[in-house]
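Single-letter residue listing:
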Amino acid sequence: MKKGLFITFEGADGCGKTTQINLLAEYLKSKNIETILTREPGAKGLGVKIREILLNYDGVVSPNCESFLFLADRAQHVDCIIKPALQAGKVVLCDRHTDSTVAYQGYGRQLDIERINMLNNIATGGLKPDLTIVFDIDIETSMKRIGNDKDRMESSGIEFFKRVRQGFLEIAKKEPDRVKIINSDNSIENIHNQVKSLFKSINY
Ligand code: TYD
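Residues numbered from 1 in each chain as written. Predicted model: local features only at pLDDT ≥ 70, side-chain atom pairs only at ≥ 80, totals over all residues. Heavy atoms only, no water.

Some remarks on the sheet that holds strand β3 (residues 91-95)
In step 1: In space, the five strands of this open sheet follow the order β2-β3-β1-β4-β5, with parallel pairing throughout. This sheet does not close on itself; its edge strands, each paired only once, are β2 (35-39) and β5 (179-183). The mean inter-strand angle of the sheet, taken between neighbouring strand axes irrespective of direction, is 20°.
In step 2: Relative to β3, β2 is paired through five bridges, and the arrangement is parallel. (Pairing = 2+ DSSP bridges. Helix = DSSP H or I, 4+ residues; strand = E, 2+ residues; numbered from the N terminus. Axes fitted to C-alpha atoms, helices over the stretch in contact; angles between N-to-C directions.)

What about the site of the ligand?
In step 1: In the region of the ligand, 16 residues are neighbours, and D13, K17, R96, T101 and Q105 sit closest.
In step 2: Within the side chain of R51, one N or O atom sits 3.0 Å away from an oxygen atom of the ligand.
In step 3: Side-chain polar atom of R96 to an oxygen atom of the ligand: 2.7 Å apart, as the coordinates give it.
In step 4: Considered on its own, the ligand offers 550 Å² of accessible surface; in the complex 90% of this is hidden by protein.
In step 5: Counting atoms within 2 Å of the grid points, the majority share of the ligand lands in the largest pocket.
In step 6: Secondary-structure elements contributing two or more residues to the shell around the ligand are α1 (17-30), α2 (46-56), α3 (63-87) and α4 (98-108).
In step 7: Considering only residue class, the shell around the ligand consists of five nonpolar, four polar and seven charged. (Near = heavy atom within 4 Å. Polar contact = N/O pair within 3.5 Å; in protein donor to acceptor, adjacent residues only side chain to side chain. Areas by Shrake-Rupley, 256 points an atom, 1.4 Å probe, with all protein chains shown as cover. 1 Å grid on protein atoms, 1.4 Å probe; cavity = no way out; pocket = protein on both sides within 12 Å on 5 of 7 lines; lining within 4 Å. Sits in = over half its atoms within 2 Å of the grid points. Nonpolar A, V, L, I, M, F, W, Y, C, P; charged D, E, K, R; others polar.)

Looking at unusual backbone geometry
In step 1: For the bond from E40 to P41, the omega torsion is -10°, close enough to zero to count as cis.
In step 2: At N32, a residue that is not glycine, the phi angle is positive and equals roughly 60°.
In step 3: In this model, R96 sits at a positive phi of 75°, which is unusual for a non-glycine residue.
In step 4: The residue R96 is located in the loop between β3 and α4 in this model.

Spatial relationships are all this shows, so hold off on functional conclusions.
Set out below in structure tokens:
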């Protein structure tokens, strides 16, 4: 059976990745490439309930607890949605995945990065994206895009988001073959063209 292709879209809140994942999905569908579009946290079912807690719970959530909730959502998502789609030979486009936990809980909440890597590995059963695109934007611009209606994660403050951005840049530095950075301070069309070039470069 032909193996599918797993592409993840990453970046700090307000970086424009959701617009871009939708555009790539439309492009692939126009080429008759079987594609699923999914996200973390909360693709469907149980994940939607975990997402609700993660984004809207209004009491204290310890960084460790937060990590395990993202990881629990990921385990369910990988087992029930991502792996079956890949086994069926589909292209899986995923809005956030393991690198978000490294950037947000590792760099942002300042938990141990090696431990997060190990836990990610358990949650995914060792599955790795074929390609990860990080949409990089300066924090002032992303904060303006988010506006005042912030969820629990988005309310974590500017210093937190500076560390998250740094985290994504460090991840890209450590794994340059898998992780590519696109400067998000550009037109939607220009960024879409760069995303398409990256897709073509992995030779699906
Ligand atoms: P979402 O509304 O999906 O944000 P976005 O549209 O920017 O992707 O909310 C997901 C939030 O959860 C976002 O603030 C990033 C955060 N997050 C983590 O902190 N760790 C993780 O492992 C994941 C997947 C997301």
